[in-house]
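Observations on the model geometry
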Amino acid sequence: MIRTLVTIFSIFIFSNVFAQPKSITNPPDKKIIVSGKVIDKETQQPLEYATISFFSKKEAKIVEGGITDLNGEFSIQVKNGLYDITIEYISYKKITLENRELSNDLNLGTISLEINMEALDAVEVIAEKTTVEIKLDKKIYNIGKDLTTAGGTVSDALNNVPSVSVDIEGGISLRGNENVRILINGKPSAMAGFGDTNVLSQLPAEAIERVEVITSPSARYDAEGTAGILNIILRQKETLGFNGSLNLTVGNPDNAGLSANLNYRTEKFNLFSNFGFRYFDSPRNSFNATKYFDRMVDGSAVAPEYERIREDQEVTRLNRNYNASMGMEYFLSKKTSLTGSIFYRYGEDADLSTNNSERFNGGSVVEETLRKEKQDEAGNNYQFALNYITRFDDSGHELTADFQYEVGSEEQITSINEDYIFTDQTNPNPFQEERVNEMEDEKEYLFQVDYVLPIGENTRFEAGYRGNFENDISDYTLQQEDINNNSFYVNDTISNIFDYSENVNALYSQYGTKFGKFSFLLGLRLEHTQLKGKIDSRLTNEELQEAFGFPIDTDFDKNYLGLFPTLNLIYNLGGDDTDSEESITFGYNRRINRPRGWFINPFPSRSSRTNVWQGNPNLNPAFASAFDLGYLKRWDKLTLTSSIYYQHETDSFERVEENTGQRTTDGIDIIRTIPVNLSTNKRTGGEFGVLYNPNKWLRLNSSFNIFQFETEGEFNGVDYSVKNTSWFARLSSKVTLPSKIDWQTNAFYRGARQTAQSNNEGILSIDLAFSKEIFNENATISLNVRDLLNSRKRKTLTTTEFFERYNESQWRQRQINLSFMYRFNQQKKRNERRNNQNGGGDDDMDFE
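Keep in mind the model is a prediction, meaning the values are calculated, not measured.

About the cut-offs
- Residues numbered from 1 in each chain as written.
- Predicted model: local features only at pLDDT ≥ 70, side-chain atom pairs only at ≥ 80, totals over all residues.
- Heavy atoms only, no water.
- Helix = DSSP H or I, 4+ residues; strand = E, 2+ residues; numbered from the N terminus.
- Buried < 20%, exposed > 50% of the residue type's maximum accessible area, 1.4 Å probe, protein only.
- Contact = heavy atoms within 4.5 Å.
- Areas by Shrake-Rupley, 256 points an atom, 1.4 Å probe, with all protein chains shown as cover.
- Patch = residues over 30% accessible without salt bridge, like charges linked within 9 Å, V, L, I, M, F, W, Y side chains within 5 Å.
- Salt bridge = Lys/Arg side-chain N within 4 Å of Asp/Glu carboxyl O.
- Phe/Tyr/Trp six-rings, centres within 6.5 Å; stacked < 30°, edge-to-face > 60°.
- Lys NZ or Arg CZ within 6 Å of the ring centre and 35° of its normal.
- Core = buried A, V, L, I, M, F, W, Y, C linked by side-chain atoms within 4.5 Å.
- Pairing = 2+ DSSP bridges.
- Axes fitted to C-alpha atoms, helices over the stretch in contact; angles between N-to-C directions.
- pLDDT = per-residue confidence, 0-100.

A short note on the overall build of the protein
When helices and strands are counted, the protein shows six helices and 49 strands. Looking at the protein as a whole, 52% of its 848 residues qualify as buried. In the protein, the share of contacts with a sequence separation of at least 24, taken over all contacts with a separation of at least 6, comes to 69%. Carbon and sulfur atoms form 54% of the exposed surface of the protein, whose accessible area is close to 37,200 Å².

Examining a nonpolar patch on the surface
Among the surface-exposed residues, Phe242, Tyr264, Leu271, Met328, Tyr330, Leu332, Leu338, Leu386 and Tyr388 lie close enough to one another that they form a single nonpolar patch of about 770 Å² accessible area. The residue Leu386 is located in strand S23 (residues 364–391) in this model. Residue Leu386 is classed as partly exposed on the basis of its relative accessible area, which comes to 46%.

A word on the packing of aromatic side chains
Within the structure shown, the criterion is met by 28 aromatic pairs. Joined through ring pairs, the aromatic side chains of Tyr344, Tyr382, Phe384, Tyr405 and Tyr445 make up one cluster. Just above the ring of Phe488 sits the side chain of Arg435; from NZ or CZ to the centre is 3.8 Å. Above the ring of Phe556, the side-chain terminus of Lys558 is found at 5.6 Å from the ring centroid.

Quick look at the nonpolar core
Within the largest apolar cluster, 23 residues are counted, with the highest numbers of intra-cluster contacts made by Tyr500, Ile600, Val676 and Phe715. Residue assignment for this core shows that the elements contributing at least two residues are strand S28 (496–515), strand S29 (518–536), strand S30 (555–572), helix H5 (597–600), strand S35 (653–663) and strand S36 (669–677). Residues in contact with Ile600, not counting those within four places in the same chain, are Phe498, Tyr500, Phe556, Pro595, Gly615, Asn616, Pro617 and Leu619. Ranked by size, the runner-up nonpolar core spans 22 residues in total, among them Ala50, Val78, Tyr89 and Tyr92.

Observations concerning the sheet that holds strand S5 (residues 81–88)
Read across the open sheet, the four strands follow the order S3-S2-S5-S6; overall the sheet is antiparallel. The open sheet terminates on both sides in strands that have one partner only, identified here as strand S3 (61–67) and strand S6 (95–102). Across this sheet, the average inter-strand angle for adjacent strands is 25°, counted without regard to direction.

Examining the sheet that holds strand S32 (residues 611–613)
In space, the three strands of this open sheet follow the order S32-S36-S35, with mixed pairing throughout. Sheet topology places S32 and S35 at the edges, where each strand pairs with a single neighbour. Along the sheet, successive strands turn relative to each other by an average axial angle of 30°, direction set aside. In the sheet, S35 pairs with S36 via eight bridges, with the strands oriented antiparallel.

What about unusual backbone geometry?
Backbone torsion omega between Asn252 and Pro253 reads -5°, so that peptide bond is classified as cis. Tracing the backbone through its elements, the reader meets Pro253 in the loop between strand S15 (241–252) and strand S16 (255–265). Of note in the backbone geometry, Phe775 takes a positive phi value of approximately 55° without being a glycine. Relative to the assigned elements, Phe775 resides in the loop between strand S45 (763–774) and strand S46 (779–786). The class of Phe775 is exposed, set by a relative accessible area of 55%. Of note, Asn790 is a non-glycine position whose phi angle comes to about 55°, a positive value. In this fold, Asn790 is placed in the loop between S46 and strand S47 (794–799).

Looking at the confidence of the model for the protein
Per-residue pLDDT for the protein has a mean of 81; in total, 83% of the residues score no lower than 70. Note that pLDDT drops below 50 for residues 1–26; the model gives that stretch 49 contacts with residues more than four away or on any other chain. Of the regions scoring below 50 in pLDDT, residues 119–129 engages in 20 contacts with residues more than four places distant in sequence or in other chains.

Laid out in structure tokens, this is it:
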């Protein structure tokens, strides 16, 4: 496929640099226009992107060529001479017009191409399997028919991508590192939830076309994310006329979803849209067993109020999500287009949590309470985007400009009540009922301009600007019960308004070239970061410091200017005369990890009286330098990928648990988790992947990643240095059974992991799915089971000088889904396959 693209691309260049044979009757520089139209013989539909090439009999090589437009028409300028003219289209039988003497303009009329059934079968196999492409700065995983994610979400699909893992709470990590930047179609997006990856669990997996795993990003990309970037490319149909698909899903626990993808394309414009609704119940549970140690106070040991506390929590989570996107691409000319799109998402959550707490002294239960927490949440996001692109010629010389505006709002209302079930106290202190109201408003602006200038055949220069401006205002109000008269009052020592802005301006340039088998891409990005926050609270800075245990600046404005160099190399070991592809890649880049708003806000969460999360406004960005050495070997049925990597990060974020020194009204120590900048974090690892398709009925995909991380640093006089090795592996198999039933099994295992304070046990998860094409292959019915063994549970033992806690939590239980997808207007799907094989319009440098 790639050699075909390079050939087509080269045709336009060669036509201007190669001399043509002289003619006796015509001037040697006379230009001839050859035109015509290419259609499908069976459907009579025009074939876009059909290739027309001119083989010079004199020079014994292809000297000119072109492709058809939306209407299947072509008009190509050549010099006079004797040619073999070839018309071809993938999965069709090509036609060659031999020994055509061109001396005057020629109209070849309508050319009908006949389908090649053997070639079509091969294309269908490619379209349904996951493949990998290696480019200078990224790995591209084209998502095939992943049966286990039918009726699932984007998060489910990402968990099946090599190098990527999604934990039980929806957190996404790359090579075991959670500091990963999520982009949608190359840009930050409200679809990714303003950095909250939980939003990805609300978008359907069917929306993904491919995932770009960018572990060594070039200067074109944001420097954000020390682990790298995951760029999620959404599907957008390119076929002519009206087409689309409908998807219906039902499941247990309660899961009902309906989505539609509708598109209409003409020669002048392309309308595209996606609509979706999902209702689901996602129950979760957790168990905590905490043992408290004596504390030293003024040189004396003070026993805890309770020796042990056991907590069992059950949470029901009812969710309703709506999302819709609509857009239009208007072709101002053959080389210029303007695209506008609107995205909207609305969600409602109703959660009910019950937490049963047993307190022990001397091995006996001395008190038992039941805490109920009811939380209702509603929020919506809007995104408006404009894209302008003009292509100055067919060599890749182009200018693009983007504007994106996003706005979101969310309101969360929580009521918390706790009652005694049993107590040995004579006059126990009653619990205060609490009501929390939190409103959050988010805005984000993005401006971007990119310019690409090809220099000769194998060289390209790029430059651009990106401005990203985010603002988040959180208004938090806590009302507590007055025990004396059962009325409620506002606790103005906790209530606050937090206004946080992150503004990034960036300039970049990069230069890439290829000579022989060697290619490189060298870039430099300059970014200015402003982190600005203001805390509106009744408390003074001194009172905040006394309450939270560290100095706090309630009105800060931090500015950082950084240079981020990038270097990517690729050396192709294979030759044109071999039947395999082989390459070695090397990448270096410098990255930044900026703290998000919830990492900064110092006011503690209220979801638990005894274990709270608290942000740290003193956090600074972390910086990392990363090196990556990769190897790829591809045969006809087997692809091997491997790499080793090293990363050195300074001021890295680490979550630290510590005793606040404060106690609840009933005498329980309050433990807080707080993010801090520890000194350094060194990460070394290696990964290995195999894609093997021995037969049309069998496809295997496996990957293994092992890494060692070493953290050095201390906080509040405690040394949190640690060195640990962990790993994760996945295996996927897809088998075609009799009656054309597809059976897919995915297995994932995350190895045990140790941090400065915690030991995490390994986690095994197995997914199973079956599917069958029906209604003349215009529809698909699928049945899948996620977490077949119901074993996706996190088990953690945390030890500090004040306590020891065992935690077992399950964010989502085993899920069974039945999905039905119907596709219409499939007579034109051959054009779509062609577009998919040509990379979907990806304009990245491809020096393979």
